[in-house]
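Read off the chains here:
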Amino acid sequence: MSLQSYQESFEKIKLFDSIDAVNDTVKDTMELRQNIDNAREKIELFNEREQTFAQQPSEWGNLDTLDKEFKPFYDLLDVAFNVGSMLQDWTNQPLANQDYESMDSNINAWHLSCFKLNKQLLSEEYNSTAEVAVAVRHKLEAFKEHMPLIKCITSEAITEEDWNEIKTLVKRDDLERDTITVQNFAEFKLHDYLVEIDEITSRAEKKHQLAKKLHIMKAEMKEFKLVLFSYKGKTFVLKGYDDINAKLDDQIVATQAMLGSSNMRGKLKVETRNWEMKLNQMSELIGEINKCQRTWMYLEPIFASDDIGKTMPNEAAMFKDVDTTWKTTMEAIDADPGILDLNDRDNINAQFLEANKKLDQIQNKLDAYLEEKSLVFPRFYFLDSQSLLMLLA
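## Re the pattern of salt bridges
And then number 1: Inspection of every chain in the model, using the stated rule, returns 18 salt bridges.
And then number 2: We note a salt bridge from Arg 172 to Asp 174, for which the minimum N-O separation is 2.9 Å.
And then number 3: Asp 174 gets classed as partly exposed once you look at its relative accessible area, which sits at 43%.
And then number 4: Among the ionic pairs, Asp 360 bridges to Lys 291, the shortest N-O distance being 3.4 Å.

## What about the pairing of strand β2 (residues 235-239)?
And then number 1: Strand direction decides the pairing type here: strand β1 (residues 227-231) and β2, joined by 5 bridges, are antiparallel. Across the sheet, residue Tyr 231 finds its bridge partner in β2, namely Thr 235.
And then number 2: Once β1 ends, the chain turns through 3 residues before running back antiparallel as β2, passing Lys 232 with a positive phi of about 55°.

## Details of the environment of Phe 319
And then number 1: By the element assignment, Phe 319 lies in helix α13 (residues 313-335).
And then number 2: Relative accessible area serves as the criterion here: at 5%, Phe 319 is assigned to the buried category.
And then number 3: Each C-alpha atom, one on Phe 319 and one on Ala 355, is 8.7 Å from the other, the two residues being 36 residues apart in sequence.
And then number 4: When sequence neighbours within four positions are dropped, the list of residues in contact with Phe 319 reads Trp 296, Leu 299, Glu 300, Phe 303, Leu 359 and Ile 362.

About the criteria used
Residues numbered from 1 in each chain as written. Predicted model: local features only at pLDDT ≥ 70, side-chain atom pairs only at ≥ 80, totals over all residues. Heavy atoms only, no water. Salt bridge = Lys/Arg side-chain N within 4 Å of Asp/Glu carboxyl O. Buried < 20%, exposed > 50% of the residue type's maximum accessible area, 1.4 Å probe, protein only. Pairing = 2+ DSSP bridges. Helix = DSSP H or I, 4+ residues; strand = E, 2+ residues; numbered from the N terminus. Contact = heavy atoms within 4.5 Å.

Dropping the structure here:
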């Protein structure tokens, strides 16, 4: 170790007094930082050996003093070099490849460091070097004037529709989001349209939140499953209709509220309207299935009897069709209980509409038949339909 050579290197670094000299000075600064760190490692090794042999650890006060005096110079040169390098990249590289949050965080951190280093260097009477910290701050402040535009352009909420609106605003069809750089701002005179671009971005951000909410709602319905339980070991029936309807109602109300937003426009509005229509179709289908299930469960034990089949052969044939539809559909739902694409299955909506139409006809014919029998035997008025059918059988 040569503390004298380290001190000589530091004396040269002390002459650093211009932001233009950063690149010329940074190499010596980094080398001195490395040398001081290496020296500390060796000192720690020496001290460990001294302790092993029960010797008093040696002190290296001159190195501590050098390191303390050197630190603000190193910190300033490190910041100045990073600022120069990164601002050049951010200015010339496409903003599509940049992260606004990272840029903003770094700029604020560097600005604060320069403020503190300026005060420290002034207090230690390195006035010329302290001015470099001020120059770096000014450089950062000049770049920060671009940050509002950068925030707008790099926003993930900006869609192709929004970008086309910006292109129309600035009257430049050649304004491409994938290639635009900070260096292009002056060419396209974007700062002249900052207020309007910010308004477009603000609307896009709100629209983006609506799009995210719609995505979450779709994901929830994709995971929502219909619950079935076995019925007499022959087929299945749905349960939890209240839960199904509550889920669909919540989604429909939320979708309608989203459609009422002034920020709902363009492709998102079309997508949301399509989702509302799909939810309503799901709700209508579940209503038809529920209606079919109630009537089918009431009639199934009745038409299980051969006697009623002989008495009402046409209605028995219709019920057999409905029975087949019900069992086939429930088997398919049991295999794939997802509700999201239920409406898209083979003609399912029309099948249940037709099934309920037939069940209504069967129910009316059955009621008329029982009414006729009750007129013949007045005491039958006190019996329910099931009991009356059992007696008639």
